[in-house]
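Take a look at the letters that make up each chain.
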Amino acid sequence: MSQIETELLIIGAGAAGLASAYYAKNKIDYIVIEKGESAGTSWLNMPENIYLLSPWYVNRLPGSKLDKFKIFKQHGCREFGKYLNEYVDQHGLNVQFNKEVEKVTESSFGYSILLKDETQISCKYLINATGYFHNPIVPKTNDLKGIPFIHVQQFQSAEKLSKRFDYQYNNVLVVGSRISGGQTATELSKHGFQVTVSARTPVTFAQEPWLQKLVYLPYYVYEKLLSKVKPKFLEDTSPPMEAGETKKLVEQRKIKLQPAIKSCEGHKVEFTNGSSDNFDLIIYCTGFGYVDEHLKALSSTSENNTGAQTLFFMGKDLEYTARSRYLRGIREDAKKVINMILKLKS
């Protein structure tokens, strides 16, 4: 069993972990470990055509130049994953890949991290930046034995899905009323699938894309200022479904809307309004849970014997502000967390 000792260990080489590493570089001895083969594994494994709604100028990580030709660009998620790998090389960040955590326990040094390859890492300070993608949430439905279902995490593209089915006669139920549900339903509909969206609450749409782009800059300035006065100014940080193409397809009845699922029997799905339909596939766009199973062995506190905080979370919803789960918040939180650690170290 090999043993490694470092002052700061960062778990996860996504945006949150890499932003933290950027601010830690040359200031504290640190290591980033990533269970995937490259940085941004989650981003690279997202559906092919899912894209970020926010523009580049608020999504770029610290140290990245603001290209004036990309200020308002909306990157695809996989494109952003490639950017994260370039970011590691550009800034010479200390990232070790194929390092999956088995469990984290407390030790006299601080924390003891056991990896699945039996490597033991000891650290004084720990940042958990594991994100959400590897913990998909699938709601419990009465009986899905007769109908195939996947989570959007497993969905690649409508084109690849069509190779498994005669899509002209295929009826797909998308469960979820937020961004991924809207983007998935839109892509499927445009590809020839019959699509229904089921949601527990009535579907609401964001502003039209042209209006959103018009107010991007003033809104993000306002949001940043508001987060300083009232950090958790939102209780629900998940934005509504996009307007634009999705809203148009709904209005044209090319995407049908239904309330929550009441029951399933074979391929027949009954909804809470009493209506029913037969479906060939259900795609759950029902979100993800924060990945922290490896921390379950820790006590309820994250303090050392001086009472100082030594365990930090990055990229977690509402951890510091209402922006904490978003890239624009991650940039701010990473700087804040590293400064807190450096203050403790001194």
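Residues numbered from 1 in each chain as written. Predicted model: local features only at pLDDT ≥ 70, side-chain atom pairs only at ≥ 80, totals over all residues. Heavy atoms only, no water.

Novice: Looking at this structure, how should I read the overall build of the chain?
Specialist: The helix and strand tally for the chain stands at 9 helices and 15 strands. Over its C-alpha atoms the chain spans a radius of gyration of 22 Å, differing by no more than 12% from the 20 Å that the globule rule assigns to 346 residues. Among the 346 residues that make up the chain, the fraction classed as buried is 48%. A separation threshold of at least 6 residues defines the contact pool for the chain, and within that pool the share at least 24 residues apart is 71%. Carbon together with sulfur atoms contributes 49% to the accessible area of the chain, which is approximately 17,500 Å² in total. Distance from the positive charge centre (44 side chains) to the negative charge centre (37 side chains) of the chain: 6 Å. (Helix = DSSP H or I, 4+ residues; strand = E, 2+ residues; numbered from the N terminus. Rg over C-alpha atoms; globule rule 2.2 N^0.38 Å. Buried < 20%, exposed > 50% of the residue type's maximum accessible area, 1.4 Å probe, protein only. Contact = heavy atoms within 4.5 Å. Areas by Shrake-Rupley, 256 points an atom, 1.4 Å probe, with all protein chains shown as cover. Lys, Arg positive; Asp, Glu negative; His and termini not counted. Charge placed at Lys NZ, Arg CZ, Asp CG, Glu CD.)

Novice: Before we go on, may I ask you to explain the sheet that holds strand 14 (residues 281-284) in this structure?
Specialist: Working definition: the strands of a sheet are paired by backbone hydrogen bonds and lie parallel or antiparallel to each other. Taken in spatial order, the 5 strands of this open sheet run 7-14-8-9-10, and their pairing is parallel. Both outer strands of the open sheet, strand 7 (149-151) and strand 10 (255-258), are each paired with one neighbouring strand and no more. Taking the axes of each pair of neighbouring strands and ignoring which way they run, one obtains an average angle of 25° across the sheet. As paired elements, strand 8 (residues 171-175) and strand 14 share 4 bridges and run parallel to each other. From the neighbouring strand, V175 faces strand 14, where its bridge partner is Y284. (Pairing = 2+ DSSP bridges. Axes fitted to C-alpha atoms, helices over the stretch in contact; angles between N-to-C directions.)

Novice: In this structure, what is going on with the pairing of strand 4 (residues 101-106)? I would like to understand it.
Specialist: Within a regular strand, side chains alternate between the sheet's two faces. Pairing of strand 4 with strand 5 (residues 111-115) involves 5 bridges; the strand directions are antiparallel. Directly across from V101, in strand 5, lies its bridge partner L115.

Novice: I would appreciate a short explanation of the packing of aromatic side chains in the present structure.
Specialist: One pair of aromatic rings is described through two measures. These are the centre distance and the angle between the planes. All chains considered together, the criterion is met by 15 aromatic pairs. Here Y57 and F72 contribute two aromatic rings whose centre-to-centre distance is 5.8 Å and whose plane-to-plane angle is 85°, an arrangement assigned as edge-to-face. Placement of the pair is Y57 in helix 3 (residues 56-59) and F72 in the loop between helix 3 and helix 4 (77-91), with a sequence separation of 15 residues. For F72, a relative accessible area of 48% gives the class partly exposed. (Phe/Tyr/Trp six-rings, centres within 6.5 Å; stacked < 30°, edge-to-face > 60°.)

Novice: Can you help me understand the pairing of strand 1 (residues 3-11) in this one?
Specialist: Pairing between strand 1 and strand 6 (residues 120-128): 8 bridges, direction parallel. From the neighbouring strand, I4 faces strand 6, where its bridge partner is I121. Direction of pairing for strand 1 relative to strand 2 (residues 30-33): parallel, over a ladder of 4 bridges. Within strand 2, the position partnered with I11 by the bridge is I33. Handedness of the crossover joining strand 1 and strand 2 through helix 1 (residues 15-24) is recorded here as right-handed. (Right-handed = clockwise from strand over helix to strand, strands pointing away.)

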